[in-house]
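Chain by chain, the residues:
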Amino acid sequence: MQTSRPLVLVSSDERELHGFTWHAAINTYLKSLAGPAGVTPVIVPSLGDAVVNDTLLAAASGVLVTGSRTNVHPDLYDEEPTEAHEPYDPARDSTSLPLIREALNRDLPLLAICRGHQELNVAMGGTLETEIQEQENRRDHRGGSVDLPQHERFAHNHLVSPTPGGLLATILGEDDVQVNSAHRQAIDRLGDGLTVEATADDGTIEAIRVSDAKNFALGVQWHPEYWASLSEDADAPSTKIFKAFGDAARAYKD
Ligand SMILES: N[C@@H](CCC(=O)NCCCC(=O)O)C(=O)O
């Protein structure tokens, strides 16, 4: 049996499939954790306070908050709900936001991806904007139709510029990095205690860090898990992010 590997909690979506309600996480996040990060992923059902408690958090050495096609409900950042903010997953919201806060309270390493990046911002008091592709001088960050095959939808889409001297720049270097993109929403007002770690050329905040976090606490708007799940050689920046997160989880466990 392999030596003990840190447990990393993974957020789940509430989804309907075959006439049942499931709590599910996409395989690419799980494979990236079990592979390049070298940790043991544990999917957390979106059951709110029934799961986000001391017992669960005490067993963990990190938290990964995944992407999702659904959006954070605008009531949670005092915005008026409209059709442009849909679809929602209230079960996810009621679990991932407290999970983020409790992870930060315990200095657990945190990696927040896409919707997770947006949830981190909301958890810290920030706001989101929706259908950003409809704004003038704004890229279309959707990455094409949701029906496209993954290798097309999560292909490299645009450059991001890491903030010099930041955590991301420490992991990846300060040169611009090609990333994929699959989102209609983005950070509008930055939450309290967050530092911008990367931007796109249209001003979209593409990465954030919890400024006073004792450990790794990074949000990224793109999807490094797509590449990291394929192989360690598929995309060096993606692998580096997951390896850095895994190192932080091992350090926390030790
Ligand atoms: N819904 C939010 C976050 C986008 C996101 O997490 N995308 C992942 C796509 C996964 C899928 O298509 O199932 C937004 O649109 O900004």
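Sequence order sets the numbering: in each chain, residues are counted from 1 along the sequence as written. Selection of residues for local features in this predicted model requires a pLDDT of at least 70, selection of side-chain atom pairs for listing and counting requires 80 or more, and totals for whole chains, interfaces and linings are taken over all residues. Hydrogens are left out, water is left out, and the side-chain values use all remaining heavy atoms of the structure.

Q: Sorry if this is basic, but what is going on with the site of the ligand here?
A: Around the ligand sit 14 residues in total, of which Ser68, Thr70, Asn71, Arg153 and Gln185 are the nearest. Polar contacts, as counted here, are pairs of nitrogen or oxygen atoms within 3.5 Å of one another; within protein the pair requires one atom able to donate a hydrogen and one able to accept it, and residues that are adjacent in sequence qualify only if both atoms are side-chain atoms. Contact distances for the ligand include 3.0 Å between an oxygen atom and a side-chain N or O atom of Arg69. Residue Thr70 places a main-chain N or O atom 2.9 Å away from a nitrogen atom belonging to the ligand. To be clear on the numbers: accessible area is Shrake-Rupley with a 1.4 Å probe, and residue cover counts the displayed protein chains and nothing else. In the complex, the protein chains occlude 94% of the 430 Å² of accessible area that the ligand would expose alone. In a pocket analysis with a 2 Å cut-off to the grid points, the ligand is assigned to the largest pocket. To be near a molecule or strand, a residue needs just one of its heavy atoms within 4 Å of it. Here a cavity denotes grid points, spaced 1 Å and computed from the protein atoms alone, that fit a 1.4 Å probe unable to get out, and a pocket denotes an open set having protein on both sides within 12 Å along at least 5 of 7 lines; residues with an atom within 4 Å of a point are the lining. Assignment of a molecule to a cavity or pocket requires that more than half of its atoms lie within 2 Å of the corresponding grid points.

Q: What is the right way to look at empty space enclosed by the protein in this model?
A: Take a probe with the size of a water molecule and roll it over the atoms, and the empty space left behind shows itself. Grid points are joined across faces, edges and corners, and a volume is the space filled by probe spheres set on the points. For the structure on display, the rule yields 1 cavity of 30 Å³ or more. Put simply, the largest cavity is a space of about 40 Å³. For the largest cavity, the full set of lining residues is His156, Val177, Gln178, Val179, Asn180, Trp222, Trp227, Asp235, Pro237 and Ser238. Every helix listed is a DSSP run of H or I at least four residues long, and every strand listed is a run of E at least two residues long, numbered separately from the N terminus. Those elements that place two or more of their residues in the lining of the largest cavity are strand S9 (177–179) and helix H8 (236–253).

Q: When you look at the layout of surface pockets in this model, what are you seeing that I'm missing?
A: Taken as a whole, the largest pocket encloses approximately 620 Å³ of empty space. Residue assignment for the lining of the largest pocket shows that the elements contributing at least two residues are strand S2 (13–17), helix H1 (27–34), helix H4 (115–123), helix H5 (150–153) and helix H7 (224–230). Nonpolar residues are Ala, Val, Leu, Ile, Met, Phe, Trp, Tyr, Cys and Pro. Charged residues are Asp, Glu, Lys and Arg, and all others, Gly as well, are polar. For the lining of the largest pocket, the per-class residue count stands at 10 nonpolar, 13 polar and 8 charged.

Q: Whenever I open this one, the pairing of strand S13 (residues 217–220) confuses me. Can you help?
A: Both faces of the sheet carry side chains from a regular strand, because those side chains alternate between them. The rule is simple: take the accessible area with a 1.4 Å probe, protein chains only, and divide by the maximum for that residue type; under 20% is buried, over 50% is exposed, in between is partly exposed. Neither face of S13 is open: one carries Ala217 and Gly219, the other Leu218 and Val220, and all of them are buried. Strand pairing follows a simple DSSP-based rule, namely that at least 2 bridges must link the two strands. In this sheet, S13 lies alongside strand S6 (residues 110–113) in parallel orientation, the contact comprising 4 bridges. Note that in S13 the partner of Ile113 across the bridge is Val220. Strand direction decides the pairing type here: strand S12 (residues 205–210) and S13, joined by 3 bridges, are antiparallel. Across the sheet, Ala207 pairs through a bridge with Val220, a residue of S13. The antiparallel pairing of S12 with S13 creates a hairpin that spans 6 residues between the two strands.

Q: Even after reading the chapter, I still don't get the packing of aromatic side chains, so can you show me in this structure?
A: Any two aromatic rings considered together are summarised by their centre-to-centre distance and by the angle between their planes. Classification of ring pairs uses Phe, Tyr and Trp, with its six-membered ring standing for Trp, and accepts pairs whose centres are within 6.5 Å; under 30 degrees between planes counts as stacked, over 60 as edge-to-face, and the remaining range as tilted. Tallied over the full model, the rule gives 3 aromatic pairs. Between Tyr226 and Trp227 the ring centres are 5.1 Å apart and the planes differ by 70 degrees, which places this aromatic pair in the edge-to-face class. Trp227 matches Tyr226 in its accessibility class, with the two residues each being buried. Each residue in the set Phe154, Tyr226 and Trp227 is aromatic and connected to the rest through ring pairs, giving one cluster.

Q: What should I look at first to understand the side chain of Ser96 in this one?
A: Within the secondary structure, Ser96 sits in helix H3 (residues 90–105). Of the polar contacts made by the side chain of Ser96, one reaches the side chain of Glu119; its length is 2.4 Å. The contacts of Ser96, once residues within four sequence positions are left out, are Val65, Arg115 and Glu119. Contacts are assigned to residue pairs that have any heavy atoms within 4.5 Å of one another.

Q: Would you mind showing me how to read unusual backbone geometry here?
A: Comment: phi is negative for the bulk of residues other than glycine, and the bulk of peptide bonds are trans. With an omega of 0 degrees, the peptide bond running from Glu86 to Pro87 counts as cis. Relative to the elements of secondary structure, Pro87 occurs in the loop between strand S5 (62–65) and H3. Here the phi dihedral of His18 falls at roughly 55 degrees; this positive angle occurs in a residue that is not glycine. Take His18: it is sitting in the loop between S2 and strand S3 (20–24). Of note in the backbone geometry, Asn137 takes a positive phi value of approximately 60 degrees without being a glycine.

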